[in-house]
Amino acid sequence: MILRYLAYFPINLAFVLLSYLLAPALAGLSLLTGPRLPGVLQWFSTLDADLDGGVTQRVRGYRAGLRGWRLWWQRTCWICRNPAHGWQSTVLGMPAAGSAIVQARLSLDPNQQLYLMKTAAGVPFFCFKRDQPLAAGFYVKLWFGWVNRAYDGRNHHYSFQIGPKRA
């Protein structure tokens, strides 16, 4: 389980970095093709929402009705906010159908969770989440393993997230 996670890390990192590099071009393409990236280009964004997902999910700072450069910038930011989630789900993810949580360790600290899970075929996988509070309403999001919830309804996506967030 840990070895698979570590083996996936380099290729995941490469796709995340590629997402950041391609984000402006992908957002530009979306102005021509619509808010959902076509085909395998969807690997560079989320599968559970289109590039205007920040609006529908009411993420602070995302606005409806934008056009032109502002829409391009908002979609670029969305790709950077969710880099390579499609890749992490489709290629590196664990199948959700028939998967089960074997053990959930929810600590007394509500900011920390550990899940041990297995696929229908018995392949074990894990999810560790920690939101480490900082000062002034900020925290560091630490997520490792495969997310315990299949956001796209098909796969638990591979996760390596370390990032500052605003509460």
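Anything mentioned here points back to the structure above.
Rules used throughout
Residues numbered from 1 in each chain as written. Predicted model: local features only at pLDDT ≥ 70, side-chain atom pairs only at ≥ 80, totals over all residues. Heavy atoms only, no water. Helix = DSSP H or I, 4+ residues; strand = E, 2+ residues; numbered from the N terminus. Rg over C-alpha atoms; globule rule 2.2 N^0.38 Å. Buried < 20%, exposed > 50% of the residue type's maximum accessible area, 1.4 Å probe, protein only. Contact = heavy atoms within 4.5 Å. Areas by Shrake-Rupley, 256 points an atom, 1.4 Å probe, with all protein chains shown as cover. Phe/Tyr/Trp six-rings, centres within 6.5 Å; stacked < 30°, edge-to-face > 60°. Lys NZ or Arg CZ within 6 Å of the ring centre and 35° of its normal. Lys, Arg positive; Asp, Glu negative; His and termini not counted. Salt bridge = Lys/Arg side-chain N within 4 Å of Asp/Glu carboxyl O.

Asker: Would you mind showing me how to read the overall build of the chain here?
Answerer: Counting its regular elements, the chain contains four helices and seven strands. Taken over C-alpha atoms, the radius of gyration comes to 17 Å for the chain, in line with the 15 Å a tight globule of 167 residues would show. Referenced to the eigenvectors of the C-alpha coordinate spread, the extents of the chain come out at roughly 50 × 40 × 25 Å. With 167 residues in all, the chain has 37% of them scored as buried. Of all intrachain contacts in the chain linking residues separated by at least 6 positions in sequence, the fraction that spans at least 24 positions is 50%. Summed over its atoms, the accessible surface of the chain is roughly 9,400 Å², and 63% of this surface lies on carbon and sulfur atoms.

Asker: Even after reading the chapter, I still don't get the packing of aromatic side chains, so can you show me in this structure?
Answerer: Given two aromatic rings, one states the distance between the centres and the angle between the planes to describe the pair. Overall, the coordinates contain 17 aromatic pairs when judged by the stated rule. Members of the aromatic cluster, each reached through a chain of ring pairs, are Tyr-5, Tyr-8, Phe-125, Phe-126, Trp-146 and Tyr-158. Lying over the aromatic face of Trp-143, Lys-129 brings its terminal NZ or CZ to 4.3 Å of the ring centre. A cation sits over an aromatic face here: Lys-141 above Trp-143, 4.1 Å from the ring centre.

Asker: Got a minute to help me understand the side chain of Lys-129 in this structure?
Answerer: If you trace the backbone, Lys-129 turns up in strand E4 (residues 124–133). Of the buried charged residues, Lys-129 lacks a salt bridge, with Asp-131 as the closest side chain of opposite charge at 8.2 Å. Look past the residues within four positions of Lys-129 in its chain and what remains in contact with it is Asn-111, Gln-112, Gln-113, Leu-142, Trp-143 and Asn-148.

Asker: Could you clarify how one ought to interpret the environment of Gln-57 in this entry?
Answerer: Considering the arrangement of structural elements, one finds Gln-57 in the loop between helix H2 (53–56) and helix H3 (68–81). For the pair Gln-57 and Cys-77, spaced 20 residues apart in the sequence, the C-alpha separation amounts to 14 Å.

Asker: Quick question: what am I supposed to make of unusual backbone geometry here?
Answerer: Residues apart from glycine generally show negative phi values, whereas peptide bonds are mostly found in trans. Here Arg-58, not a glycine, exhibits a phi torsion of approximately 55°, which is positive. If you trace the backbone, Arg-58 turns up in the loop between H2 and H3. With relative accessibility at 76%, the residue Arg-58 sits in the exposed group. Non-glycine residue Ala-136 carries a positive phi angle of around 55°.

Everything listed here is a matter of geometry and, on its own, says nothing about what the molecule does.
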